[in-house]
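Summary of structural features
Residue-level listing of the chains:
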Amino acid sequence: GLEQRIKALNASIYDSGLPEGSFDVIWEEGVLHLLDSSSSLPECRRLLRPGGFLVMHETLAWFDGAEDRLESLGFSLFARHMLPERCWWTDYYAVLEARIRSLGPGRRDSADLAALAQYQREISMVKANPGKFDCGFFIAAVRRAGVGMSL
């Protein structure tokens, strides 16, 4: 029953063309760490109304580096929910590595080799330091004038 109240948009965070305070919630899934935070975070703040929420699914390392920047933009940490430690290794990359091994060399054609090489590079990167990829959901609220919202 929320069809008339919720609208999903796909737009550039750098040039959305939307007016200030357009959103109650911005939800991002592992994108902000790939962007220039000196542009993307202020735009997220501009697009949110006072009391609005920025929900970030990011690595702990990225969030720790961005937390002061978020506060300087008028956000307060409202909540954080950490995913299980090393979940990217345990639940994704270790499973992917086992699946690739199960294919066997006879079941790989030349088109698959490039994709498999890319997966293997990712697997090696995460396997070398699985804790670097620990992540969670961080919810930041746009502060209202004179109101603290931190958890």
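Fair warning: this is a prediction, and the values are worked out from it, not measured in the lab.

1. Points about the nonpolar core
In this structure, L41, L54, M56, L70 and F75 are the most contacted members of the largest nonpolar core, which totals 19 residues. For this core, the secondary structure elements donating two or more residues are β1 (23–29), α1 (37–47), β2 (48–59), α2 (60–72) and β4 (135–142). Among the elements that line this core, the one with the most residues is α2, at 4 residues. Of all hydrophobic cores here, the second largest spans 9 residues; its members include Y93, L96, L116 and F133.

2. Here's the deal with a nonpolar patch on the surface
Taken together, W88, Y92 and Y119 make up a surface patch of nonpolar side chains, about 290 Å² in accessible area. By the element assignment, Y119 lies in helix α4 (residues 110–128).

3. Regarding the packing of aromatic side chains
Tallied over the entire structure, the rule returns 6 aromatic pairs. Consider the rings of W27 and F137, whose centres lie 6.1 Å apart with planes at 55°: the pair is tilted. Separated by 110 residues along the polypeptide, W27 in strand β1 and F137 in strand β4 bring together distant segments of the chain. According to the relative accessible area criterion, F137 is partly exposed, its value standing at 22%. Here the aromatic residues W88, Y92 and Y93 are joined through ring pairs into a cluster of three or more.

4. Here's the deal with the side chain of D134
For D134, the position within the fold is in the loop between α4 and β4. It turns out D134 is buried and unbridged, and the closest side chain with the opposite charge, R86, is 5.2 Å from it.

5. Re unusual backbone geometry
Phi is positive for R86, close to 60°, though the residue is something other than glycine. Inspection of the secondary structure puts R86 in the loop between β3 (75–82) and α3 (87–103).

6. Some remarks on the side chain of E58
By secondary structure assignment, the location of E58 is in strand β2. There is a polar contact of 3.2 Å between the side chain of E58 and the backbone nitrogen of V31. Sequence-distant contacts of E58, that is, excluding residues within four places in its chain, are made with E28, G30, V31, L32, H33, D134, C135, G136 and F138.

7. Focus on the confidence of the model for the protein chain
Predicted confidence across the protein chain gives a mean pLDDT of 88, with 91% of residues reaching 70 or more. Of all helices and strands in the protein chain, the one with the weakest mean pLDDT is α4 (87), whereas β4 scores best (97). In the model, residues 147–151 has pLDDT below 50 throughout and makes 11 contacts with residues more than four positions away in sequence or in other chains.

8. Considerations on the packing of α1 against α2
Remark: α1 packs on α2, axes separated minimally by 11 Å, with the N-to-C direction vectors making an angle of 60°. In terms of orientation, α1 and α2 fall into the oblique class. Two packed elements cross with a definite hand, and for α1 against α2 that hand is right-handed. The segment α1 lies against α2, with S37, S38, L41 and P42 engaging W62, A66, R69 and L70. Grouping the constituent residues of the contact of α1 with α2 by class yields 5 nonpolar, 2 polar and 1 charged.

9. Details of the sheet that holds β1
Spatially, 4 strands are ordered β1-β2-β4-β3 in an open sheet, and the strand pairing comes out mixed. Two strands lie at the open edges of the sheet, namely β1 and β3, each paired on one side alone. Strand-to-strand, the axes of this sheet are offset by a mean angle of 15°, without reference to chain direction. Examined bridge by bridge, β2 and β4 share 7 bridges and lie antiparallel to one another. Bridge pairing in β4 places F53 opposite A141. Against the sheet, α1 touches β1, β2, β3 and β4, its axis set at about 145° to β2. Strands β2, β3 and β4 of the sheet are contacted by α2, whose axis makes an angle of about 160° with β2.

What counts, and where the lines are drawn
- Residues numbered from 1 in each chain as written.
- Predicted model: local features only at pLDDT ≥ 70, side-chain atom pairs only at ≥ 80, totals over all residues.
- Heavy atoms only, no water.
- Core = buried A, V, L, I, M, F, W, Y, C linked by side-chain atoms within 4.5 Å.
- Buried < 20%, exposed > 50% of the residue type's maximum accessible area, 1.4 Å probe, protein only.
- Helix = DSSP H or I, 4+ residues; strand = E, 2+ residues; numbered from the N terminus.
- Patch = residues over 30% accessible without salt bridge, like charges linked within 9 Å, V, L, I, M, F, W, Y side chains within 5 Å.
- Areas by Shrake-Rupley, 256 points an atom, 1.4 Å probe, with all protein chains shown as cover.
- Salt bridge = Lys/Arg side-chain N within 4 Å of Asp/Glu carboxyl O.
- Phe/Tyr/Trp six-rings, centres within 6.5 Å; stacked < 30°, edge-to-face > 60°.
- Lys, Arg positive; Asp, Glu negative; His and termini not counted.
- Polar contact = N/O pair within 3.5 Å; in protein donor to acceptor, adjacent residues only side chain to side chain.
- Contact = heavy atoms within 4.5 Å.
- pLDDT = per-residue confidence, 0-100.
- Axes fitted to C-alpha atoms, helices over the stretch in contact; angles between N-to-C directions.
- Parallel < 35°, antiparallel > 145°, perpendicular 65-115°, else oblique.
- Left-handed = near helix turned anticlockwise from the far one by under 90°.
- Nonpolar A, V, L, I, M, F, W, Y, C, P; charged D, E, K, R; others polar.
- Pairing = 2+ DSSP bridges.

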